[in-house]
Amino acid sequence: MNIGIFDSGIGGMTLLHQAMLMMPREKFIFYADTDHVPYGTKSREQVISYVDAVIRFMAEQDCKAVVIACNTATAVAAEQMRAKYADLPIIGIEPAVKPAVEESDGKRVMVVATPLTVHEKKLQNLVERVDDAHLVDLLELPRLVEFAERGEFVSDEVTRYLKNKLSAYPLEKYGELVLGCTHFNFFKDTFQKLMPSGTHMIDGSQGTVRQLMRILEAKGALADKEGNMCRDWERNKNDICVRYFVSGREILDADRLNMFNDLHQRLEKMRCL
Ligand code: DGL
């Protein structure tokens with residue numbers, strides 16, 4: 001059986017990449033809902049209906065679990081979807097605010113996310129719960145999703161945009177940067193240049209994959225330990241361990257599959273920073 005991983009776009013590759021590293025014997029279906037990207041500037045109702053359609057698709061694809069690899073979709077739709085698809089484990093990524101606050105050692109914590117995530121009760125409640133010392137600031141960065149979707153990861157325009165957005169904050173006071181949108185991992189090198197040296201960058205992908213593993217293990221549904229290893233994403237050129245879909249349409253041509261491999265290479269570089 002498959003593990004379904006989806007996002008509004010290529011941001012979900014962050015989660016897929018991490019899952020392939022931590023669960024090399026599993027088979028994945030990756031779904032980018034590019035017909036509807038971005039989610040982060042749409043209404044809650046629109047996002048809920050997009051997410052519903054994707055989860056229905058995943059359920060039809062013989063998925064033993066679905067990961068919402070989109071902080072925005074988790075914030076607005078995860079609870080509703082769990083109630084609707086009660087037999088299907090649904091795991092959702094969330095901004096890693098708690099570990100960031102715990103590790104911050106009194107320094108400020110910047111949480112960057114989409115407008116919808118920033119305005120959702122779910123994130124605001126989480127911050128209220130863990131931020132006793134009032135160290136957390138929330139910042140919307142919607143244009144990073146646009147840049148990512150057009151493959152513009154490093155450019156003067158990206159730097160200018162981020163510099164401008166961050167200029168409203170006393171950056172020397174920050175020790176933690178929470179990447180609260182899966183698209184933002186593609187920009188870690190620019191964030192690293194703009195934030196004070198030693199700023200720790202964290203996102204929810206590792207915690208989410210750990211949670212996925214716990215749930216599958218408890219159901220006895222992890223892939224056979226003797227099964228084929230898919231550790232190297234280059235091998236998915238042969239469609240061994242990941243099938244890629246954009247808004248329900250499977251990607252089969254070599255050029256576009258190579259594009260996904262390039263994104264894995266970029267994410268591996270960002271992961272190792
Ligand atoms: N990648 C998504 C997230 O983690 C949202 C991007 C968007 O579609 O606005 O929130």
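Scroll up to find the structure this text is about.
Remember, it's a predicted structure, so these values are computed and weren't measured experimentally.

Enquirer: Sorry if this is basic, but what is going on with the layout of surface pockets here?
Expert: Summary: where empty space remains is shown by rolling a probe the size of a single water molecule over the atoms. In this model, the largest pocket occupies a volume close to 820 Å³. As for the largest pocket, its lining consists of 38 residues, and the residues nearest its centre are Asp-203, Gly-204, Ser-205, Gln-206 and Gly-207. Element by element, the count of residues in the lining of the largest pocket is highest for helix α10 (residues 205-218), at eight residues. Here the second largest pocket defines a volume of roughly 190 Å³. For the second largest pocket, the full set of lining residues is Met-22, Met-23, Pro-24, Arg-25, Glu-26, Met-213, Glu-217, Leu-222, Ala-223 and Lys-225.

Enquirer: Looking at this structure, how should I read the sheet that holds strand β5 (residues 108-113)?
Expert: What holds strands together in a sheet is hydrogen bonding between their backbones, with the strands either parallel or antiparallel. Reading across the sheet, the four strands line up as β6-β5-β7-β8 and stay open at both edges, with parallel pairing between neighbours. Strands at the two margins of the open sheet, each flanked by one partner only, are β6 (136-140) and β8 (200-203). Along the sheet, successive strands turn relative to each other by an average axial angle of 25 degrees, direction set aside. As judged from the four bridges shared by strand β7 (residues 174-179) and β8, these two strands associate in the parallel manner. Bridging across to β8, Leu-177 finds its partner in Met-201.

Enquirer: I would appreciate a short explanation of the pattern of salt bridges in the present structure.
Expert: One pass over the structure, following the stated rule, counts 14 salt bridges. The salt bridge involving Lys-64 is made with Glu-26; its shortest N-O contact spans 2.7 Å. With Lys-64 in strand β3 (residues 63-68) and Glu-26 in the loop between α1 (13-22) and β2 (27-32), the pair connects residues that are 38 residues apart, well separated along the chain. For the pair shown, Lys-64 and Glu-26 are each scored as buried. Put simply, Lys-98 and Glu-102 hold a salt bridge, and the shortest N to O gap is 3.3 Å. Highlighted residues: Lys-98 and Glu-102, both in helix α4 (residues 97-103), separated by four residues, approximately one helical turn. Lys-98 gets classed as partly exposed once you look at its relative accessible area, which sits at 44%. Judged by its relative accessible area of 56%, Glu-102 is exposed.

Rules used throughout
- Residues numbered from 1 in each chain as written.
- Predicted model: local features only at pLDDT ≥ 70, side-chain atom pairs only at ≥ 80, totals over all residues.
- Heavy atoms only, no water.
- 1 Å grid on protein atoms, 1.4 Å probe; cavity = no way out; pocket = protein on both sides within 12 Å on 5 of 7 lines; lining within 4 Å.
- Points joined across faces, edges and corners; volume = space filled by probe spheres on them.
- Helix = DSSP H or I, 4+ residues; strand = E, 2+ residues; numbered from the N terminus.
- Pairing = 2+ DSSP bridges.
- Axes fitted to C-alpha atoms, helices over the stretch in contact; angles between N-to-C directions.
- Salt bridge = Lys/Arg side-chain N within 4 Å of Asp/Glu carboxyl O.
- Buried < 20%, exposed > 50% of the residue type's maximum accessible area, 1.4 Å probe, protein only.

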